[in-house]
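What follows is each chain in one-letter form.
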Amino acid sequence: MTNPDENPGAMKYTHVSADQNTSEADPILHGVDHNIPQETFRLLQRLIRETGILRETPALLKRMVRVLQDHIGAQHVIVFYSPVPSEGVLEYGACYPAITDSSRQRVLEALFFSTFRTDSDDLMKQLLSGQVLHLHKRQLSGTRLEDFALVAGDNYVILVPLLGPEGRVVGIISLLMAEDPARTHWPEVLASVSHYCATTLHNAIHHNEVVDNLATNVSELNILQQIDAELNATIRLDTVFQMIMDWALRFTNASAGGLALYDHHTDTLTLMGQYGYHDGRAKPGVTIPHENGGITLRVARSGMGEIVADVQLDKDYIAFTSETHTQMSMPIFREQHVIAVLTLESRKVNGFKDMHFNFVDKLTRRAGVAVDNARLFTETNRERQKLSHILSNIGDVVIVIGEDRRVLLINQSAVQALHLPANTQYVGLPIEDVIHLRNLLLLYETARQRPSGLRRELELPNGRTYSASLSHHEGVGTIIAMQDVTPYKEMDRLKNELVATVSHDLKQPLSVMRGYLDLLNMTNTFSERSQRYMAQLNIAFQNMRQLIDDILDMARIEAGLSLNIEQMSLNKVLMQAVISNRPSAEQKAISLQSELPELPEIHADESRIRQVFSNLINNAIKYTPPEGRVDVSADIQDGTVSVYIKDNGLGISAEDQAHIFERFYRVRRPETENIDGTGLGLAIVRSLVEAHQGEISVSSSLGRGSTFRVDLPLNLTEDRA
Ligand code: ADP
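Rules and cut-offs
Residues numbered from 1 in each chain as written. Predicted model: local features only at pLDDT ≥ 70, side-chain atom pairs only at ≥ 80, totals over all residues. Heavy atoms only, no water. Pairing = 2+ DSSP bridges. Helix = DSSP H or I, 4+ residues; strand = E, 2+ residues; numbered from the N terminus. Axes fitted to C-alpha atoms, helices over the stretch in contact; angles between N-to-C directions. Phe/Tyr/Trp six-rings, centres within 6.5 Å; stacked < 30°, edge-to-face > 60°. Buried < 20%, exposed > 50% of the residue type's maximum accessible area, 1.4 Å probe, protein only. Lys NZ or Arg CZ within 6 Å of the ring centre and 35° of its normal. Salt bridge = Lys/Arg side-chain N within 4 Å of Asp/Glu carboxyl O. Contact = heavy atoms within 4.5 Å. Near = heavy atom within 4 Å. Polar contact = N/O pair within 3.5 Å; in protein donor to acceptor, adjacent residues only side chain to side chain. Nonpolar A, V, L, I, M, F, W, Y, C, P; charged D, E, K, R; others polar.

The strand order β20-β22-β23-β25-β24 describes an open sheet built from 5 strands, whose pairing is mixed. Only two strands of the sheet have a single neighbouring strand rather than two, namely β20 (591-595) and β24 (695-701). Going from strand to strand, the sheet's axes swing by 15 degrees on average, the running direction of each strand aside. Of the pairings in the sheet, the one linking strand β22 (residues 629-637) to strand β23 (residues 640-647) comprises 8 bridges and is antiparallel in character.

Let's shift gears to the packing of aromatic side chains. Here the structure, examined in full by the defined rule, presents 4 aromatic pairs. Seen in terms of ring centroids, Phe80 and Phe148 are 5.5 Å apart; in terms of plane orientation they differ by 85 degrees. Their pairing is edge-to-face. Of this pair, Phe80 sits in strand β2 (residues 76-81) while Phe148 sits in helix α7 (residues 148-152), and the two are 68 residues apart along the sequence. Judged by its relative accessible area of 1%, Phe148 falls in the buried class. Judged by centre distance (3.8 Å) and plane angle (20 degrees), the rings of Phe251 and Phe359 are stacked. Of this pair, Phe251 sits in helix α9 (residues 237-252) while Phe359 sits in helix α11 (residues 354-393), placing them 108 residues apart in sequence. As far as the burial class goes, Phe251 and Phe359 line up, both buried. By the ring-pair criterion, three or more aromatic residues cluster together here, those being Phe80, Phe113 and Phe148. For Arg250, the ring lying beneath its charged end belongs to Trp247, and the centroid distance is 4.2 Å.

Side chains that differ in charge, positive against negative, can pair when their charged atoms come close. Taken as a whole and judged by the stated rule, the model has 31 salt bridges. Across the pair Lys495 and Asp492 runs a salt bridge, and its minimum N-O distance is 3.6 Å. A residue pair is termed a helical-turn pair when its members lie 3 or 4 positions apart in one helix, as Lys495 and Asp492 do in helix α15 (residues 486-523) at 3 residues. Residue classification places Lys495 among the partly exposed residues on the basis of a relative accessible area of 47%. Given the relative accessible area of 24%, Asp492 is considered partly exposed. Notably, a salt bridge pairs Glu606 with Lys572, separated by 3.3 Å at the nearest N-O pair. Here Glu606, found in helix α18 (residues 606-622), pairs with Lys572, found in helix α17 (residues 570-587); they are 34 residues apart in sequence, far enough to count as distant.

With that out of the way, let us pick up the environment of Ser469. Within the element layout of this structure, Ser469 appears in strand β17 (residues 465-473). Sequence separation of Ser469 and Ile480 is 11 residues, and the distance between their C-alpha atoms is 5.9 Å. With near-sequence residues (within four places) excluded, Ser469 lies in contact with Leu454, Arg455, Ile479, Ile480 and Ala481.

Moving on: the pairing of strand β13 (residues 337-346). Each regular strand displays side chains that alternate between the two surfaces of the sheet. With 9 of 10 residues buried, β13 is to be regarded as a mostly interior element. With 6 bridges connecting them, strand β8 (residues 256-263) and β13 associate as antiparallel partners. Pairing of Ala260 across the sheet is with Val341, part of β13. As defined by bridge partners, strand β12 (residues 326-334) adjoins β13 across 9 bridges and the pair is classed as antiparallel. Paired with Ile332 across the strands is Ala340, a residue of β13. Between β12 and β13, which pair antiparallel one after the other, the connecting turn spans 2 residues, and Glu335 there sits at a positive phi close to 50 degrees.

Before going further, it helps to spend a moment on the site of the ligand. Taken together, 19 residues sit near the ligand, with Asn619, Tyr623, Arg666, Thr678 and Leu682 positioned nearest. Asp647 has a polar side-chain atom sitting 2.9 Å from a nitrogen atom of the ligand. Here Arg666 contributes a side-chain N or O atom positioned 2.5 Å from an oxygen atom of the ligand. For the shell around the ligand, the elements supplying multiple residues, two or more each, are α18, α20 (681-691) and β25 (705-713). In terms of residue count, the dominant contributor to the shell around the ligand is α18 (3 residues). Here the residues of the shell around the ligand are counted per class, giving 9 nonpolar, 7 polar and 3 charged.

Written as structure tokens, this is what we have:
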């Protein structure tokens with residue numbers, strides 16, 4: 001082990017001297033040779049015992065210098081080490097005993113040596129080749145270790161290089177000796193233990209690197225999480241950029257930084273914000289001329305992030321501050337294009353590491369997403385404003401109530417029609433705080449339960465009549481849209497008035513004609529043929545009579561029906577309606593059945609309700625071919641009685657279903673051609689049902705039959721009752 005020639009991996013030691021012959025001629029050195037293996041063994045044993053379990057670099061270095069000093073008795077033992085061996089910089093690690101002169105101690109702590117480019121430095125070259133050197137401190141002058149002489153005092157120095165597994169220097173142990181080491185066996189002993197020291201130090205450094213990396217990764221992860229949270233909370237473009245720059249400066253310890261927007265159409269950079277430039281940098285918002293674009297413009301054009309380790313060597317570099325040595329520029333993308341470049345500067349040569357580059361890369365990617373979010377928000381906002389502009393300028397009333405029963409949207413027309421105070425914020429308020437119209441609130445409650453939505457006419461506080469359509473949309477809420485139908489209502493009223501007047505006036509001559517027809521019948525004997533003509537005349541009279549009655553009834557209902565509301569039994573009324581229709585059913589051999597549960601009494605106008613069901617049963621019989629069937633049934637749910645009149649007759653097509661409740665609408669099909677009617681029956685029925693706050697609907701399919709359903713509330717609300 002101790003013979004360097006036999007073992008090329010082991011350390012050699014050399015005495016560097018002005019007089020190269022000194023060491024070879026030294027009798028003492030030769031005289032102690034036989035002690036070396038023993039001494040080496042003892043020192044190694046101590047080192048293993050005391051430092052073998054230490055994993056932390058600072059603790060290991062402290063213990064190492066202490067053991068060496070204690071064992072060898074040097075003035076001071078000092079160790080330099082390379083925290084990142086690949087960087088080739090040795091810095092102060094530990095010293096024992098401490099140097100009492102504080103200025104020397106300060107110099108020592110600030111010392112560092114580069115192990116790169118040592119061609120012109122023989123001393124360093126020898127050390128790097130693994131030779132243990134012993135010399136007098138004056139021999140340090142002119143070498144890279146020159147500054148160490150300031151610390152060494154008037155001592156001899158032993159320098160022990162510690163070479164790691166790949167032959168890289170991981171540290172240097174130096175011993176300051178009062179006595180010339182050439183006269184001792186220590187250089188040889190140290191050369192022998194240096195391998196152990198180097199391996200232990202290398203392992204500790206590696207261990208620390210792993211732990212540091214882990215800590216950096218964890219802290220990076222935490223920072224990125226925090227950044228994500230902060231970026232998510234903002235949709236302002238300038239805030240996003242400001243945050244990105246702050247984080248980049250903080251994490252990379254950059255001394256200055258700037259963020260410039262890049263327009264790829266015009267190939268121009270515009271400064272957005274900057275930090276740390278005391279002089280000459282353009283003001284934010286100012287376009288940066290091409291000749292000043294420098295590395296930043298290069299990165300904007302290439303879309304590739306860069307670290308320039310020494311800016312002085314880069315032809316594109318534009319100096320804004322003389323202190324910069326390293327620059328990092330990173331592009332920010334939106335879709336395929338570079339939209340901005342983040343530039344960071346460091347005062348140190350090689351001031352940014354891969355770790356910083358990776359972090360800033362992640363940061364700018366996030367910025368890209370945040371910028372996209374900000375843009376989407378701006379666009380959505382613009383769309384929303386457009387929509388809100390349209391909504392506030394249309395004459396229709398639009399109100400949207402959210403799932404939480406709070407107002408999501410209310411337009412200007414709604415505010416006016418509901419006589420609400422202007423310039424008040426209604427969005428977010430509960431519906432009851434905004435809408436005080438009882439009927440509208442009731443409609444809203446009903447619409448929430450009904451997926452098909454509903455449509456009603458409603459008079460609003462502005463005295464006008466609106467056709468309100470309410471529909472519930474999952475995930476949005478209830479949309480209330482109301483159209484002012486006052487002019488149509490007025491036209492309708494005038495038309496009805498005219499029809500009613502004419503009908504009324506027709507009644508008189510019709511009675512006269514009827515009277516004379518009866519007289520003719522009584523006073524004459526007609527031939528069989530004339531009797532048939534008289535019968536036809538009679539039917540025509542009946543139909544005309546029915547039509548006039550229906551028109552007048554309709555007119556009465558629309559003029560504001562006065563209902564005679566009282567407690568009434570639906571069971572009784574339904575039975576009466578069935579019984580009164582039984583003869584016509586029997587005539588067509590139609591089975592007319594009713595199966596009714598015990599229904600509670602309701603508040604209603606009995607004769608009008610009878611009219612409703614009588615009419616529906618009559619229709620069912622009328623539009624069902626002979627030998628068909630008509631069933632009347634009912635059930636109760638949530639305070640509403642539903643009555644069903646079901647037939648297996650002609651049925652009604654979907655297009656006709658949409659119109660059958662309109663006045664004078666009759667289905668025109670070959671099957672209905674010979675069936676008499678006025679087209680007013682269902683219009684009257686619907687008006688009567690609605691006057692009772694009920695609803696009528698139909699489900700039918702052509703050729704199979706129809707079911708009419710009437711929903712009536714058990715109790716009417718105040719304004720009706
Ligand atoms: P009409 O006096 O013609 O019966 P209604 O207003 O009572 O007028 O009915 C309108 C139209 O609806 C009728 O012309 C008829 O075609 C259709 N209709 C009504 N009830 C039924 C039913 N139960 N089955 C098939 N069609 C019906």
